[in-house]
Amino acid sequence: MSERWRIGLGTTVILLTYVALIAAKPTSAHGVGGPAALLALGGYGIGAMLIISGAMARLPTTTLTLLPVAITVNIVMGKIVYFSGLPLQLDAIGTVLVGVVAGPAAGAATGALTSILVGMTITPGALPYAVTAAAVGFVAGALARLGWFRRKPTALAGGALIGVVAGVISAPITTFVFGNAGSSVGQSALIATFQAYGDGMLRAASLQGLAADPLDKALTVALALTILARLPAGFVQRFSFAREHHVLNTYAPAAGKAGVA
């Protein structure tokens, strides 16, 4: 199966899994376990692995060498924010950075690999969210292709849009797999607040995502673009995706820098 077909099949599996989860109901009083949880773990896991296998086969060496650095940034920043107790994450800065300079496939691979690596070594609960991380990187790359990161207003709007996508995809995982236990104290507290006001489990998880994720991803985009603006002028131009689609407002070489206006 070609790389493009694997990515397409993985995306289809994820979409079908999401639709099935929205139509399903928790099988226990706490919303955990049973067919819904198995469907979330299996469907999202298989979809994420198909996307990774297809994306990695398409990446040039220049992009592959950037992935370990981006994944490290994701893990370090994610853990710093986790211990702060805030209802934010900021664990996708590297994912967005790669998506912006190297495209949707590279961004998706970076995000999914980060979640899988964290899930296998530090926090097992991160594994099901590999699909969310892949979506963050993919959407970042797609928006970069459309030029959303050339200006600050559209860049921040793009970050908020990425957050909406992340919140929508994550909600069924949080509900059906983890019983609305968020990935941080702040997230769990926000979900509990929505439930205390009468919202059901899935609705509470969705509202938490839509309340916190757009801000989180807007900050993530701002930090990623700040990093890119402070790198050497030729760094972004090393990536054919960035050159072809003019993803940032790149000044002339004599100006000695690249950034967002």
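Residues numbered from 1 in each chain as written. Predicted model: local features only at pLDDT ≥ 70, side-chain atom pairs only at ≥ 80, totals over all residues. Heavy atoms only, no water.

Asker: Got a minute to help me understand the overall build of the protein chain in this structure?
Answerer: Counting its secondary structure elements, the protein chain contains ten helices and two strands. Going from the N terminus to the C terminus, the protein chain shows its helices and strands as α-α-α-α-α-α-α-α-α-α-β-β. Looking at the 261 residues of the protein chain, the share that counts as buried comes to 47%. A total accessible area of about 11700 Å² is found for the protein chain, and carbon and sulfur atoms account for 70% of it. (Helix = DSSP H or I, 4+ residues; strand = E, 2+ residues; numbered from the N terminus. Buried < 20%, exposed > 50% of the residue type's maximum accessible area, 1.4 Å probe, protein only. Areas by Shrake-Rupley, 256 points an atom, 1.4 Å probe, with all protein chains shown as cover.)

Asker: Can you help me understand unusual backbone geometry in this one?
Answerer: Peptide bonds are trans in most cases, and residues, glycine excluded, mostly fall at negative phi. Positive phi outside glycine occurs at Leu90, with the angle close to 50°. Turning to its location among the elements, Leu90 is positioned in the loop between α3 (61-84) and α4 (93-102). Judged by its relative accessible area of 12%, Leu90 is buried. Backbone geometry at His246 places phi at a positive 50°, although glycine is not the residue there. Tracing the backbone through its elements, the reader meets His246 in the loop between α10 (240-245) and β1 (249-250).

Asker: Could you clarify how one ought to interpret the layout of surface pockets in this entry?
Answerer: Taken as a whole, the second largest pocket spans an internal volume of roughly 400 Å³. Looking at the lining of the second largest pocket, the elements with two or more residues in it are α1 (3-23), α4, α5 (104-121), α6 (130-145) and α10. Among the residues forming the lining of the second largest pocket, the class breakdown is eleven nonpolar, three polar and four charged. (1 Å grid on protein atoms, 1.4 Å probe; cavity = no way out; pocket = protein on both sides within 12 Å on 5 of 7 lines; lining within 4 Å. Points joined across faces, edges and corners; volume = space filled by probe spheres on them. Nonpolar A, V, L, I, M, F, W, Y, C, P; charged D, E, K, R; others polar.)

Asker: Please explain the packing of aromatic side chains as it appears in this structure.
Answerer: Applying the stated criterion to the full structure yields two aromatic pairs. Measuring from ring centre to ring centre gives 5.2 Å for Tyr82 and Phe83, while their planes differ by 75°; the resulting arrangement is edge-to-face. Here the aromatic rings of Phe235 and Phe239 are separated by 5.4 Å at their centres, their planes lie at 65°, and the arrangement is edge-to-face. Both residues of the pair, Phe235 and Phe239, belong to the buried class. (Phe/Tyr/Trp six-rings, centres within 6.5 Å; stacked < 30°, edge-to-face > 60°.)

Asker: Just checking my understanding: could you explain the nonpolar core for this structure?
Answerer: Here is a general trend for soluble globular proteins: nonpolar side chains tend to be buried in one another's company. Val100, Val101, Phe149, Leu225, Leu228 and Leu248 are the most contacted members of the largest nonpolar core, which totals 36 residues. For this core, the secondary structure elements donating two or more residues are α3, α4, α5, α6, α7 (152-176), α9 (201-229) and α10. Residue contributions to this core peak at seven residues, all from α4. By size, the runner-up hydrophobic cluster in this structure holds 19 residues, among which are Val131, Ala135, Ile173 and Val177. (Core = buried A, V, L, I, M, F, W, Y, C linked by side-chain atoms within 4.5 Å.)

Asker: What is the right way to look at a nonpolar patch on the surface in this model?
Answerer: Together, Leu161, Val164, Val168 and Leu210 give the surface a local cluster of nonpolar side chains, amounting to about 260 Å² of exposed area. Among the elements that make up the nonpolar patch, the one with the highest residue count is α7 (three residues). Relative to the helices and strands, Val164 resides in helix α7. The class for Val164 is partly exposed, based on a relative accessible area of 34%. (Patch = residues over 30% accessible without salt bridge, like charges linked within 9 Å, V, L, I, M, F, W, Y side chains within 5 Å. Salt bridge = Lys/Arg side-chain N within 4 Å of Asp/Glu carboxyl O.)

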